[in-house]
Amino acid sequence: MKIAVIGQSLFGQEVYKELRKDGHVIVGVFTIPDKDGKADPLATEAEKDGVPVFKFPRWRLKGNSIPEVVKQYKAVGAELNVLPFCSQFIPMEIINFPRHGSIIYHPSLLPRHRGASAINWTLIHGDKKGGFTVFWADDGLDTGPILLQRECDVEPDDTVNSIYNRFLFPEGVKGTVEAVRLIEVGKAPRITQPQEGATYEGIQKKENAKIDWNQSAEALHNWIRGNDKVPGAWAEVDGQKLTFYGSTLVDNDTPASGQSLEIPGACRPGLVTKQGLLLFGNDGKMLLVKNLQFEDGKMIPAAQYFRTGDSTAVELTEEEKVFAAEMRVVWKSILSNVPEIEDSTDFFKCGAASMDVVRLVEEVKLRANQLQLQNEDVYMATTFQEFVQMCVRKLRGEDGEDELVVDYVEKNVNNMSIRMPHQLFINGQFTDAEGGNTYQTINPTDGKPICEVSLAQVADVDCAVAAAKAAFEEGEWGKMNPRERGRLMYRLADLMEEHQEELATIEAIDSGAVYTLALKTHVGMSIQTFRYFAGWCDKIQGSTIPINQSRPNRNLTFTRREPVGVCAIVIPWNYPLMMLAWKTAACLAAGNTVVVKPAQVTPLTALKFAELTAKAGFPRGVVNILPGSGSSVGQRLSDHPDVRKLGFTGSTQIGKQIMKSCAVSNVKKVSLELGGKSPLIIFSDCDMDKAVRMGMSSVFFNKGENCIAAGRLFVEESIHDQFVHRVVEEVKKMKIGDPLDRSTDHGPQNHKAHLDKLVQYCETGVKEGARLLYGGKQVDRPGFFFEPAVFTDVQDNMYVAQEESFGPVMIISKFKDSDVDGVLKRANDTEYGLASGVFTRDISKALYVSERLEAGTVFINTYNKTDVAAPFGGFKQSGFGKDLGEEALNEYLKTKTVTIEY
């Protein structure tokens, strides 16, 4: 169809792009005029494609259509108008002109919340369901017939940003495009909107956003979050208007300790606590507010309300005075209407807007690249003197924020109270992602959300890398002696041990790991790893080398082992904390700084780890944690020119892409631990009891989500049937259930997509002719539970014989008695080479087999026995480089040769 797109914003841009992908011809884009010289994203995208773009400031004047505008519109010959988030009033002459009329996207479930600010009103009214409507435009206020609707649950702590980013934006784009498809095939409905349940809302204005304190905590929370970020819910406190931002409901009934704050009209005073401002509803329940803004525009963390006047001016050095003079010039260039920039000049009262904030932050980066400001910093230091003082304190590392502020998600689970950070950790602070982007991390036991987690953007990666670079090159970490570095790592290990039950519980609810295993392995080995590498900090040394000298000159040549700089670490979801520890401990011991991207589906223990590094006293910027997608965060880390080393654990396919990106960007050092299809050979002279027990462990340990899991068992023919029988009997005894239940053997798979993959994997095995003796299907209960599977009669050419399941699927093949070389050839006939195993009482046979198995680790009469002192890594397409042991330090060090003539 020939379509005219009328609207603006990133949403309009995405709808436009998807319509073009569907093969529609966009005959014209009608959007808003440029603002501050910058085109709307929809206009930018269309201009790039050569599509005609019209930027009308208005469509009608004094209620009448503007003839020139109508003429230009009609000339494009549209068959359908699509209005994604259109903020202008379009005349009916335009609406009705195309053959198919016009459709509009509206972010509410019409007829509820007709009019403006629909998302805000969804939250203000405490709706349990939200969503969007695509409707046929008419001459009413959002009253046209409904074409399509989609709904979602509104979570208790949803904000305008979170519900928009999670559902209204991505699903709204899909829904708008789907509506066009229905129109194209003549199946688009026209459902008359009912009058019952209809509401009309207006744009929220500042004067109408005053808080009525005589309400429940939930109603107060809804009012504050519904007005956040614009226009901001406010109340009179201490004789001035105070605006409240970032509200969350508090689950427990016991108020935290804090300083009392009288709030006129409130049922009881608020409490300024370490976490923020605690407020009370008339029902006695509580909510927590994160940020506060004063009448003069200055914004502060609510936790610092009583500290706003405590800071004394710092005396500037000569170098800092030069910086202040440069900043005065910058302010003058932005505030061109101000005759002179005085110390008392207020950035916002002089007319600065949000784009000016962005410009100011970027100007600071150009003049002091080690100073990474956030937009919020400008809002919290609005006068020129406050701004300069803030910048100088940051440059000196004296931010005045010695106390870590953590916006916890608190839950009572596993007979304990756990406190989980959920924001990005950059430069020693927990912070929201750029644009307030978030996503939900899911508990695999019940499939329900645990909490909202900040979703890092490319801009956040740049901030984190800059912080890590500054910490390495200019900060305390780069100047610290190795023994002091080791002391901090020992302290971190001690803190991890103090919090091991909490860490194990978080690991269990976020990854599905059985709690007892999480306590012993996921967390226990992480603690051991940090203690092991802490001991290496002051033992990294080079050597002296005798070289061929020309007399009478004498030469001394020696090598230095130096850290590589900023390292990026991308970790998988099967052992979220342990994989972080394996790489990060060696990285820090070598003296590097690090940016860690945890798996998007399991971010919570990494963020708790970040909190512990701050409490251990690690300088700011040394450790940075960025939950986010691999396609944006992981890719940017691979591409970033200031990252000098990248360590990755994950699939071979992604590993290849990372290696390519690292090469193209700056030839950064890479270590890769990739896929596996580890063979386990069981000979007839084995200890059968041990072979069955360890064979089970080799496959089903950690729900089979184990990089070195035995991907294929080769069992000697004479014991094959006995072994298979005993294994099936043992599998039937395994208790599948809640990972927090101490008697559970097998918890849920990590996430839904992986569960679906395992089911499909087993279906493929059956179709190819393998014999499924047990399991292989989803368990009929909430959550992502999978019945462990046992396959036999597996032939070498089958999919299940060649590809990794990464789950609890035992693949058994038999081999002829005494055919050692034959089974070795079959075991090595794979592109993977991570681990392997052999069971036999014949030590000569065991050593012969271990020498010929092409794998980085060989287990003999045992399996899964890794230790922090033993190097770990693969061959072939299982990657290269080592974790653990002294060899792991080599991955994070560079060797410098120094020659002196004397």
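Residues numbered from 1 in each chain as written. Predicted model: local features only at pLDDT ≥ 70, side-chain atom pairs only at ≥ 80, totals over all residues. Heavy atoms only, no water.

Participant: Explanation requested: the overall build of the protein chain in the structure shown.
Facilitator: Counting its secondary structure elements, the protein chain contains 28 helices and 42 strands. Against the 2.2 N^0.38 benchmark of 29 Å for 902 residues, the protein chain shows a C-alpha radius of gyration of 31 Å, consistent with a compact globule. Along the first, second and third principal axes, the C-alpha atoms of the protein chain reach 95 × 80 × 60 Å. Counted over contacts in the protein chain with a minimum sequence separation of 6, partners at least 24 positions apart contribute 69%. When the accessible surface of the protein chain is split by element, carbon and sulfur atoms take 49% of a total near 38,300 Å². A gap of 3 Å separates the mean positions of the 102 positive and 119 negative side-chain charges of the protein chain. (Helix = DSSP H or I, 4+ residues; strand = E, 2+ residues; numbered from the N terminus. Rg over C-alpha atoms; globule rule 2.2 N^0.38 Å. Contact = heavy atoms within 4.5 Å. Areas by Shrake-Rupley, 256 points an atom, 1.4 Å probe, with all protein chains shown as cover. Lys, Arg positive; Asp, Glu negative; His and termini not counted. Charge placed at Lys NZ, Arg CZ, Asp CG, Glu CD.)

Participant: Explanation requested: the side chain of Thr 613 in the structure shown.
Facilitator: With respect to the element layout, Thr 613 can be found in helix α19 (residues 604–616). For Thr 613, the side chain forms a polar contact with the main-chain oxygen of Ala 610, separated by 2.6 Å. Residues contacting Thr 613, with those up to four places away along its chain left out, are Phe 425, Leu 492, Phe 618 and Val 623. (Polar contact = N/O pair within 3.5 Å; in protein donor to acceptor, adjacent residues only side chain to side chain.)

Participant: Explain the nonpolar core to me, please; I cannot follow it from the model alone.
Facilitator: Nonpolar side chains in soluble globular proteins generally cluster together in the buried interior. Membership of the largest hydrophobic core comes to 108 residues, with the highest contact counts inside it found for Met 489, Phe 530, Ile 625, Ile 682, Leu 713 and Phe 723. Other than its neighbours up to four places away in sequence, Phe 723 contacts Ile 682, Met 688, Ala 691, Val 692, Leu 713, Val 715 and Ile 812. By size, the runner-up hydrophobic cluster in this structure holds 36 residues, among which are Leu 19, Trp 136, Val 177 and Ala 179. (Core = buried A, V, L, I, M, F, W, Y, C linked by side-chain atoms within 4.5 Å. Buried < 20%, exposed > 50% of the residue type's maximum accessible area, 1.4 Å probe, protein only.)

Participant: I'm lost on the packing of helix α1 (residues 9–21) against helix α2 (residues 41–49) in this one. Help?
Facilitator: In the contact formed by α1 and α2, the axes pass within 7 Å of each other and the chain directions differ by 30°. Considering the angle they form, α1 stands roughly parallel to α2. Across the interface between the two elements, Ser 9, Leu 10, Gly 12, Gln 13, Tyr 16, Lys 17 and Arg 20 of α1 pack against Pro 41, Leu 42, Glu 45, Ala 46 and Asp 49 of α2. Classifying every residue of the contact of α1 with α2 gives five nonpolar, three polar and four charged. (Axes fitted to C-alpha atoms, helices over the stretch in contact; angles between N-to-C directions. Parallel < 35°, antiparallel > 145°, perpendicular 65-115°, else oblique. Nonpolar A, V, L, I, M, F, W, Y, C, P; charged D, E, K, R; others polar.)

Participant: Help me understand the layout of surface pockets in this model?
Facilitator: Space left empty within the atom packing is revealed by a probe, the size of a water molecule, rolled over the atoms. The space that makes up the second largest pocket amounts to roughly 1,000 Å³. Of all the secondary structure elements, the ones that give two or more residues to the lining of the second largest pocket are α20 (630–639), β30 (645–649), α21 (652–666) and α24 (752–767). The element that contributes the greatest number of residues to the lining of the second largest pocket is α21, accounting for six residues. Taken together, the residues of the lining of the second largest pocket sort by class into 16 nonpolar, 19 polar and five charged. (1 Å grid on protein atoms, 1.4 Å probe; cavity = no way out; pocket = protein on both sides within 12 Å on 5 of 7 lines; lining within 4 Å. Points joined across faces, edges and corners; volume = space filled by probe spheres on them.)

Participant: Mind showing me how you'd approach the pairing of strand β38 (residues 835–839) here?
Facilitator: In regular strands, side chains alternate between the two faces of the sheet. Along β38, five of the five residues are buried, which leaves the element largely enclosed by surrounding structure. As paired elements, strand β32 (residues 678–682) and β38 share three bridges and run parallel to each other. Bridge pairing links Ile 682 to Phe 839 in β38. Direction of pairing for β38 relative to strand β39 (residues 857–860): parallel, over a ladder of four bridges. In the strand pairing of β39, Ser 836 is matched with Val 858. (Pairing = 2+ DSSP bridges.)

Participant: Could you clarify how one ought to interpret empty space enclosed by the protein in this entry?
Facilitator: Counting across every chain of the model gives three cavities of 30 Å³ or more. Quantified by volume, the largest cavity comes out at close to 100 Å³. What lines the largest cavity is a set of 16 residues, among which Ala 709, Gly 711, Glu 804, Ser 805 and Phe 806 lie closest to the centre. At the level of elements, β33 (710–716) and β36 (809–815) are the ones that each hand at least two residues to the lining of the largest cavity. Residue composition of the lining of the largest cavity, grouped by class: eight nonpolar, six polar and two charged.

Participant: How do you make sense of α20 when you look at a structure like this?
Facilitator: Given 3.6 residues to a turn, an α-helix orients residues that are three or four positions apart in the same direction. Three or more residues of α20 are buried, namely Val 633, Gly 634, Leu 637 and Ser 638. Angularly, the buried residues of α20 cover 135° about the axis, an arc narrow enough to put them on a single face. Residues of α20 that are buried in the fold lie against α13 (458–473), β27 (566–570), β28 (593–597), β30 and α21. (Arc of directions from axis to C-beta.)

Participant: I'm lost on the pairing of β36 in this one. Help?
Facilitator: Of all seven residues in β36, six are buried; the element is thus mostly enclosed. Alignment of β33 against β36, held across four bridges, turns out to be parallel. Bridging from a neighbouring strand, Phe 714 pairs with Ser 813 of β36. Both strand β35 (residues 789–792) and β36 contribute to a ladder of three bridges, which runs parallel. Paired with Ala 789 across the two strands is Val 809, which belongs to β36.

Participant: Before we go on, may I ask you to explain the pattern of salt bridges in this structure?
Facilitator: Side chains that differ in charge, positive against negative, can pair when their charged atoms come close. Under the definition given, this model contains 48 salt bridges. As a salt-bridge pair, Glu 562 and Arg 560 come within 2.9 Å of each other at their nearest N and O atoms. Since its relative accessible area comes to 44%, Arg 560 is described here as partly exposed. The partner of Arg 826 in a salt bridge is Asp 796, with the nearest N and O atoms 3.0 Å apart. Of this pair, Arg 826 sits in helix α26 (residues 820–828) while Asp 796 is found in the loop between β35 and α25 (799–802), placing the two residues 30 residues apart along the sequence. Since its relative accessible area comes to 24%, Arg 826 is described here as partly exposed. Here the salt bridges do not stand alone but share partners, grouping Glu 502, Lys 608, Glu 611 and Lys 615 into one network. (Salt bridge = Lys/Arg side-chain N within 4 Å of Asp/Glu carboxyl O.)

Participant: Before we go on, may I ask you to explain unusual backbone geometry in this structure?
Facilitator: Both trends apply: most residues other than glycine have a negative phi, and most peptide bonds are in trans. For the bond running from Leu 110 to Pro 111, omega is 15°, close enough to zero to count as cis. With respect to the secondary-structure elements, Pro 111 resides in the loop between β7 (102–106) and β8 (114–115). Positive phi outside glycine occurs at Asn 415, with the angle close to 60°. Within the element layout of this structure, Asn 415 appears in the loop between β19 (408–413) and β20 (416–421).

Participant: What am I meant to see in the side chain of Asp 40 here?
Facilitator: Examined against the element boundaries, Asp 40 turns out to sit in the loop between β2 (25–31) and α2. Look at Asp 40: it is buried, it has no salt bridge, and the nearest opposite charge is Lys 55 at 8.8 Å. In terms of polar contacts, Asp 40 uses its side chain to reach the backbone amide nitrogen of Leu 42, at 3.0 Å. Non-local contacts of Asp 40, meaning those with residues more than four positions away in its chain, are made with Gln 8, Ser 9, Thr 31 and Ile 32.

Participant: Help me understand the environment of Ser 65, please; the structure alone is not making it clear to me.
Facilitator: Relative to the elements of secondary structure, Ser 65 occurs in strand β5 (residues 64–65). Measuring from C-alpha to C-alpha, the distance between Ser 65 and Glu 93 comes to 7.8 Å, with 28 residues separating the pair along the chain. The residues touching Ser 65, leaving out its near neighbours within four places in the chain, are Trp 59, Arg 60, Val 70, Pro 91 and Glu 93. A polar contact is formed between the side chain of Ser 65 and the side chain of Glu 93, at a distance of 3.4 Å.

Participant: What is the right way to look at the sheet that holds strand β1 (residues 2–6) in this model?
Facilitator: Backbone hydrogen bonds hold the strands of a sheet together, and the pairing may be parallel or antiparallel. Spatially, the seven strands line up as an open sheet ordered β3-β2-β1-β6-β7-β9-β10, and their pairing is mixed. Of all strands in the sheet, those with a lone pairing partner are β3 (53–55) and β10 (146–153), marking the two edges. The average undirected angle you get between the axes of adjacent strands in this sheet is 15°. As paired elements, β1 and β2 share five bridges and run parallel to each other. Following the sheet pairing, Ile 3 is matched in β2 by Ile 26. Of the strands in this sheet, β1, β2 and β3 are in contact with α2, which crosses β3 at around 150°.

Participant: In this structure, what is going on with the environment of Ala 789? I would like to understand it.
Facilitator: With respect to the element layout, Ala 789 can be found in strand β35. For the pair Ala 789 and Val 809, spaced 20 residues apart in sequence, the C-alpha to C-alpha distance is 4.7 Å. Those residues in contact with Ala 789 that lie beyond four places of it in its chain are Phe 700, Cys 762, Leu 772, Tyr 774, Gly 775, Gly 776, Pro 808, Val 809 and Met 810.

Participant: Please explain the packing of aromatic side chains as it appears in this structure.
Facilitator: Two numbers describe a pair of aromatic rings. These are the distance of the centres and the angle of the planes. A complete count under the given rule lists 32 aromatic pairs for this structure. Between Tyr 532 and Phe 533, the aromatic rings sit 5.0 Å apart at their centres with planes inclined by 85°, giving edge-to-face as the arrangement. Counting every residue linked through ring pairs, the aromatic cluster contains Phe 11, Phe 85, Tyr 105, Phe 132, Tyr 164, Phe 167 and Phe 169. The side chain of Arg 268 reaches across the aromatic face of Phe 280, ending 3.7 Å from its centre. The ring of Tyr 892 has Lys 645 lying over it, and the distance from NZ or CZ to the ring centre is 3.8 Å. (Phe/Tyr/Trp six-rings, centres within 6.5 Å; stacked < 30°, edge-to-face > 60°. Lys NZ or Arg CZ within 6 Å of the ring centre and 35° of its normal.)

Participant: Honestly, α24 in this entry has me stumped. Any pointers?
Facilitator: Taking 1.5 Å of rise per residue, the 16 residues of α24 would be expected to cover 22 Å, and the 23 Å separating its terminal C-alpha atoms lies within 8% of that figure. What α24 keeps buried is the set His 754, Leu 755, Leu 758, Val 759, Tyr 761, Cys 762 and Gly 765. The arc that holds every buried residue of α24, seen down its axis, measures 155°, which confines them to one face. Seen from the buried face of α24, the exposed residues on the opposite side, beyond 90 degrees, are Ala 753, Gln 760 and Lys 767. Looking at the buried residues of α24, the elements they touch are β35, α25 and β36. (Expected span 1.5 Å × (residues − 1).)

Keep in mind these numbers describe shape, not what the thing actually does.
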